[in-house]
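Take a look at the letters that make up each chain.
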Amino acid sequence: MLIIPIKDGENIDRALKRYKRKFDKTGTLRQLRSRKNFTKPSITKRAQLQKAQYVQSLRDAVEI
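Residues numbered from 1 in each chain as written. Predicted model: local features only at pLDDT ≥ 70, side-chain atom pairs only at ≥ 80, totals over all residues. Heavy atoms only, no water.

**Observations regarding the overall build of the protein**
Okay, so step 1: A tally of helices and strands in the protein yields three helices and zero strands.
Okay, so step 2: From first element to last, N terminus to C terminus, the protein shows the α and β order α-α-α.
Okay, so step 3: Over its C-alpha trace the protein gives a radius of gyration of 19 Å, far above what one expects of a compact globule, namely 11 Å for 64 residues.
Okay, so step 4: Principal-axis analysis of the C-alpha atoms gives the protein an extent of 55 × 35 × 15 Å.
Okay, so step 5: The buried share among the 64 residues of the protein stands at 5%.
Okay, so step 6: Here the protein has roughly 6,600 Å² of accessible surface; of this, 57% comes from carbon and sulfur atoms.
Okay, so step 7: Looking at the protein, you have 17 positive and 6 negative side-chain charges, and the mean spots of the two groups are 9 Å apart. (Helix = DSSP H or I, 4+ residues; strand = E, 2+ residues; numbered from the N terminus. Rg over C-alpha atoms; globule rule 2.2 N^0.38 Å. Buried < 20%, exposed > 50% of the residue type's maximum accessible area, 1.4 Å probe, protein only. Areas by Shrake-Rupley, 256 points an atom, 1.4 Å probe, with all protein chains shown as cover. Lys, Arg positive; Asp, Glu negative; His and termini not counted. Charge placed at Lys NZ, Arg CZ, Asp CG, Glu CD.)

**Quick notes on a nonpolar patch on the surface**
Okay, so step 1: A contiguous nonpolar surface patch, about 280 Å² in accessible area, is contributed by Y54, V55 and L58.
Okay, so step 2: Mapped onto the elements of the fold, L58 is located in helix α3 (residues 41–63).
Okay, so step 3: By relative accessible area, L58 is classed as partly exposed at 43%. (Patch = residues over 30% accessible without salt bridge, like charges linked within 9 Å, V, L, I, M, F, W, Y side chains within 5 Å. Salt bridge = Lys/Arg side-chain N within 4 Å of Asp/Glu carboxyl O.)

**Points about the side chain of E10**
Okay, so step 1: Turning to its location among the elements, E10 is positioned in the segment before α1 (12–26).
Okay, so step 2: When sequence neighbours within four positions are dropped, the list of residues in contact with E10 reads P5, A15 and R18. (Contact = heavy atoms within 4.5 Å.)

**A closer look at the confidence of the model for the protein**
Okay, so step 1: The pLDDT averaged across the protein works out to 92; a share of 100% of its residues lies at or above 70.
Okay, so step 2: Mean pLDDT per element in the protein: helix α2 (residues 28–36) is the minimum at 90, and α3 is the maximum at 95. (pLDDT = per-residue confidence, 0-100.)

**What about the packing of aromatic side chains?**
What characterises a pair of aromatic rings is the spacing of the ring centres plus the angle enclosed by the ring planes.
Okay, so step 1: Inspection of the entire model under this criterion finds one aromatic pair.
Okay, so step 2: Here Y19 and F23 contribute two aromatic rings whose centre-to-centre distance is 6.2 Å and whose plane-to-plane angle is 25 degrees, an arrangement assigned as stacked. Within this pair, Y19 and its partner F23 are both found in helix α1, separated by four residues, close to a single helical turn. (Phe/Tyr/Trp six-rings, centres within 6.5 Å; stacked < 30°, edge-to-face > 60°.)

Rendered as structure tokens:
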């Protein structure tokens, strides 16, 4: 559970913004969505490989 201490006189919108930022950093929603559907390990590996190839191609383009 996330706990956001609110200081005296602090705007509720600012506290809500801090809560949202902290929630995003924990990755709870991302993890929930990934667990919603099962993905085979081979598909996960393929996606990682494609991402690595894409990043490598970007790095090669910058070096040239």
